[in-house]
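Residue-level structure breakdown
Spelled out, the chains give:
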Amino acid sequence: MASLPFTFDVERSTDDWVFMCFFVGNDFLPHLPSLEIREGAIDRLVNIYKNVVHKTGGYLTESGYVSLQRVQMIMLAVGEVEDSIFKKRKDDEDSFRRRQKEKRKRMKRDQPAFTPGGILTPHALGSRNSPGSQVASNPRQAAYEMRMQNNSSPSVSPNTSFTSDGSPSPIGGIKRKAEDSDSEPEPEDNVRLWEAGWKQRYYKNKFDVDAADDKFRRKVVQSYVEGLCWVLRYYYQGCASWKWYYPFHYAPFASDLEGIADMPSDFEKGTKPFKPLEQLMGVFPAASGNFLPPSWRKLTRDPH
């Protein structure tokens, strides 16, 4: 990065890059709604970082600790383009569906309307074990066996032939079923991030609260910021607290991460890791209860 107002340090830049990758998701935190790796989110973050870092006055992290005031500047820059990210995502998805639909139509045009059955069933050339090779090696015997089967099965329709294993097969072949995935119902998207009011719908559907509930939204942001600080400390210095966890399934928006500069990021001291059996109780589903001692097993199934 040229023309920095402070000394360039490749190690500090790498530490910042590691930190920014947290926003696209990791083992402890969900990714921000506007940042998807498959959509080039890491490149987007790097470009925003290179533009904004001239204003931050320094790096985002140092020895495992986070400068929240500088992080806030990066996140608000991401927040400014969130709306356009969501709209482009919708356009890309619609374009992908159209291409898939056209592809299916082309494949249908290229396929035969029916699959031949009986002795006309196609087989790979040179296949010794295929029924087709047996028919080709002794066509008279095959014809004789078919006549005998027809004579001994008067109840079978005269328009029925038989496959090599003796099972009836329509002479005209088997009609292909229409396979059009357009008929499969798409899961309903109640959030519709590409339409106005997306933030209100997101909080209502994901958290079951009104977006106007600033107190709850700040709680989500506070928990997420704690998580950012915890994860960086975890990677660079060790576990800051064995009791911390992110209490929600979803992340806030980048535009929600304002006013975070003064948020506390301290953790309870002196916490201890769970014992091995306690760790298993935290991650095992009830179906894996047989790996636990019998006296613990019932705890995974008892609803109370």
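Remember, it's a predicted structure, so these values are computed and weren't measured experimentally.

Rules used throughout
- Residues numbered from 1 in each chain as written.
- Predicted model: local features only at pLDDT ≥ 70, side-chain atom pairs only at ≥ 80, totals over all residues.
- Heavy atoms only, no water.
- Helix = DSSP H or I, 4+ residues; strand = E, 2+ residues; numbered from the N terminus.
- Buried < 20%, exposed > 50% of the residue type's maximum accessible area, 1.4 Å probe, protein only.
- Contact = heavy atoms within 4.5 Å.
- Areas by Shrake-Rupley, 256 points an atom, 1.4 Å probe, with all protein chains shown as cover.
- Patch = residues over 30% accessible without salt bridge, like charges linked within 9 Å, V, L, I, M, F, W, Y side chains within 5 Å.
- Salt bridge = Lys/Arg side-chain N within 4 Å of Asp/Glu carboxyl O.
- Lys, Arg positive; Asp, Glu negative; His and termini not counted.
- Charge placed at Lys NZ, Arg CZ, Asp CG, Glu CD.
- Axes fitted to C-alpha atoms, helices over the stretch in contact; angles between N-to-C directions.
- Parallel < 35°, antiparallel > 145°, perpendicular 65-115°, else oblique.
- Left-handed = near helix turned anticlockwise from the far one by under 90°.
- Nonpolar A, V, L, I, M, F, W, Y, C, P; charged D, E, K, R; others polar.
- Core = buried A, V, L, I, M, F, W, Y, C linked by side-chain atoms within 4.5 Å.

**Quick notes on the overall build of the protein chain**
- Along the backbone of the protein chain there are 10 helices and 6 strands.
- In the protein chain, buried positions account for 32% of the 304 residues.
- For the protein chain, long-range pairs separated by at least 24 residues make up 68% of all intrachain contacts whose partners lie at least 6 apart in sequence.
- Surface accessibility of the protein chain: about 20,000 Å² in total, with carbon and sulfur atoms responsible for 52%.

**Side note on a positive patch on the surface**
- There is a patch of like positive charges on the surface, built from Lys103, Lys105, Arg106, Lys108 and Arg109.
- With respect to the element layout, Lys103 can be found in helix H4 (residues 82-110).
- What makes Lys103 partly exposed here is its relative accessible area of 42%.

**Describing the pattern of salt bridges**
- Here the structure, examined in full by the defined rule, presents 11 salt bridges.
- Of the charged contacts in the structure, one is a salt bridge between Arg89 and Glu39, with a shortest N-O distance of 2.7 Å. Of the two residues, Arg89 is situated in helix H4 and Glu39 in the loop between helix H1 (10-21) and helix H2 (41-56); the sequence distance between them amounts to 50 residues.
- Owing to a relative accessible area of 12%, Arg89 belongs among the buried residues under this scheme.

**A short note on the packing of H2 against helix H3 (residues 68-79)**
- H3 packs onto H2 with a crossing angle of 130° between their chain directions and a minimal axis gap of 9 Å. In this view, H2 runs oblique relative to H3, as classed from their interaxial angle. You can see that H2 and H3 cross each other, and the crossing is right-handed. Packed against H2, whose contacting residues are Leu45, Ile48, Tyr49, Val52, Lys55 and Thr56, the element H3 presents Arg70, Met73, Ile74, Met75, Ala77 and Val78 at the interface.
- Within the contact of H2 with H3, the residues separate by chemical class into 9 nonpolar, 1 polar and 2 charged.

**Some remarks on the nonpolar core**
- Core analysis: the biggest nonpolar cluster contains 55 residues, and Phe19, Phe23 and Met75 have the highest contact counts within it.
- Where this core is concerned, the elements lending two or more residues are H1, H2, H3, helix H7 (198-207) and helix H8 (214-236).
- For Met75, the contacting residues outside a window of four places in its chain are Phe23, Leu32, Leu45, Ala254 and Leu257.

Just distances and angles here, no functional claims.
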